[in-house]
Every structure is written in structure tokens, then in C-alpha cells.
Amino acid sequence: LRSLSTVNYLTGNYQQALAEAEEASRISQSIGNVWGHAGGLHSSCYVYLESGKPGQAIEALKGAIHLGEQSGLSMMLPFGRAALGWVYSTLGAFDSGLSLCRQARVEVGDVPPALRPWVLAMIALAEILNGNLADAEVTIQESEIGLRVENLTYSGSVFVFLAKVQLGCGDLLRRSST
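Note that the structure is a prediction, hence the values are computed from the model and not measured.

A. Quick peek at the packing of helix 2 (residues 14-30) against helix 3 (residues 34-50). Interaxial distance between helix 2 and helix 3 falls to 8 Å at its minimum, and their mutual angle equals 160 degrees. Between helix 2 and helix 3, the angle is such that the two are roughly antiparallel. Remark: the crossing between helix 2 and helix 3 carries left-handed chirality. Facing helix 2, whose interface residues are Y14, A17, L18, A21, E22, A24, S25, S28 and Q29, helix 3 presents G36, H37, G40, L41, S43, S44, V47, Y48 and E50. For the contact of helix 2 with helix 3, the class distribution of residues is eight nonpolar, eight polar and two charged.

Rendered as C-alpha cells:
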């Protein structure tokens, strides 16, 4: 359900994506699957944000981070912190956003190599929003190290691509203003 939620989010079917993310979280919670519960909360944050509900997005991510901390599920921490850092940055809370992203960057070693591009792409997106284009470029290059042909269907590659596009737009704006 969580993967289907991501597909529906990426294709703009936000209501269906939210229903699936919430259901995935509920089912996982009922069977004691902490990773699934935290992942469902994490997935729902994007739909909440897209639906103009940033408070719910933040609470969902904080819930996912809390589950990771309480259960010792260290892999959830950089995912949650990078996403929360990006959300804060989209809302203009740049210092808080970058602080969470710095913490996620330290923790990214706990994430399997195939999944690191997603965390790094979220950090790059926050860096772009904060105007740190040089840092974002380095982070994007680092994120591409883990992208392999067999992972190109993974949603992390979508976020890496999005970060590259936004970095290019920021670079164009910077050049046109000089």
C-alpha cells in the first residue's frame, strides 16, 4: 500500500495517495510493524503538504522520527529528518530545516546504499530552498553515486531529478541577476 501511495502521489492522485498511506500506517501499527507504521506516516506527509496542510505534514514526520527513535530503527531517522528539514525550508524556517538536514547527513550512513540517494536528494532540495546552490550541487553529485540502473524506478531517483532541475533553475536565476 505504501508503494502504491507513492505512485499515486507522484502522479497527482493525492486523495488516493493519502488514503493508502494512512491505511498502510494503520495496518502496520496494528500488527506491530514499526517500519511500516513510520513509513506510512512519512508517506502521508507529502500529501498533507501538497494539500495545504503543513501542520499535519510536520506532525506526521515527527511521528515517524519518534517511532524510529523509540524502536531503535535508526534507518528511519535520516529519512524523517531530511524530509522534515525540507518541509521546514519550504515554509521559510531555513535554520531549523538546515539543522535537521545536517543531522540527516550525519545519519545517512545508517541507510542502505541503494536508498541513500533519496535522503541526499531531500537534503539537496532543502539546500536549494536555502540558496545554498554550491552545497546542493555537491549533495546531488553524492546522491547520484548510489543510483544504479536497477534503482531508476525507485522514487529516490525522482527526487534526485527534481533536485537537479531546481538546482538548474536556481543557477539560471543567479546568472540572470548578475
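B. Seen up close, the environment of C45. Along the chain, C45 falls in helix 3. According to the relative accessible area criterion, C45 is buried, its value standing at 0%. Along the chain, C45 and G80 lie 35 residues apart, while their C-alpha atoms are 10.0 Å from each other. What C45 contacts, discounting residues up to four positions off in sequence, is A57, A60 and L61.

C. Highlighting helix 7 (residues 116-129). The terminal C-alpha atoms of helix 7 lie 20 Å apart, and with 14 residues this matches the ideal 20 Å at 1.5 Å per residue to within 8%. Counting buried positions along helix 7 gives twelve out of 14 residues, so the element sits mostly inside the fold. All of the buried residues in helix 7 are P117, W118, V119, L120, A121, M122, I123, A124, L125, A126, E127 and I128. Downstream of helix 7 by one or two residues, G131 has phi in the positive range, about 80 degrees.

D. Summary view of the packing of aromatic side chains. Taken as a whole and judged by the stated rule, the model has four aromatic pairs. Summarising the aromatic geometry, the rings of W35 and F79 are spaced 6.4 Å apart at their centres and angled 80 degrees between planes, so their arrangement reads as edge-to-face. Remark: F79 occurs in helix 5 (residues 76-90) and W35 occurs in helix 3; sequence separation between them is 44 residues. Pairing Y46 with W86 gives two aromatic rings, centres 6.0 Å apart and planes at 40 degrees, and the pair type is tilted. Of this pair, Y46 sits in helix 3 while W86 is found in helix 5, placing the two residues 40 residues apart along the sequence. Through a chain of ring-to-ring contacts, the aromatic side chains of W35, Y46, F79, W86 and W118 assemble into a single cluster.

E. Highlighting the environment of L41. Along the chain, the position of L41 falls in helix 3. A residue is classified by how much of its surface remains accessible, and L41, at 21% relative accessible area, is partly exposed. For L41, the contacting residues outside a window of four places in its chain are S25, A60, G63, A64 and L67.

F. Representation of the side chain of S28 within the structure. Mapped onto the elements, S28 comes out in helix 2. The class for S28 is buried, based on a relative accessible area of 9%. Dropping the residues within four chain positions of it, S28 is found in contact with N33, G36 and H37.

G. Local environment of the nonpolar core. Within the largest apolar cluster, 38 residues are counted, with the highest numbers of intra-cluster contacts made by Y46, W86, V119 and M122. Of all the elements in the fold, those that place two or more residues in this core are helix 2, helix 3, helix 4 (54-71), helix 5, helix 6 (94-107) and helix 7. If near-sequence neighbours (up to four positions away) are discounted, W86 is found in contact with Y46, L49, C101, M122, L125, A126 and L129. Counting residues in each nonpolar core, the second largest holds five residues, with A124, I128, L133 and A136 among its members.

Definitions and cut-offs
Residues numbered from 1 in each chain as written. Predicted model: local features only at pLDDT ≥ 70, side-chain atom pairs only at ≥ 80, totals over all residues. Heavy atoms only, no water. Axes fitted to C-alpha atoms, helices over the stretch in contact; angles between N-to-C directions. Helix = DSSP H or I, 4+ residues; strand = E, 2+ residues; numbered from the N terminus. Parallel < 35°, antiparallel > 145°, perpendicular 65-115°, else oblique. Left-handed = near helix turned anticlockwise from the far one by under 90°. Contact = heavy atoms within 4.5 Å. Nonpolar A, V, L, I, M, F, W, Y, C, P; charged D, E, K, R; others polar. Buried < 20%, exposed > 50% of the residue type's maximum accessible area, 1.4 Å probe, protein only. Expected span 1.5 Å × (residues − 1). Phe/Tyr/Trp six-rings, centres within 6.5 Å; stacked < 30°, edge-to-face > 60°. Core = buried A, V, L, I, M, F, W, Y, C linked by side-chain atoms within 4.5 Å.

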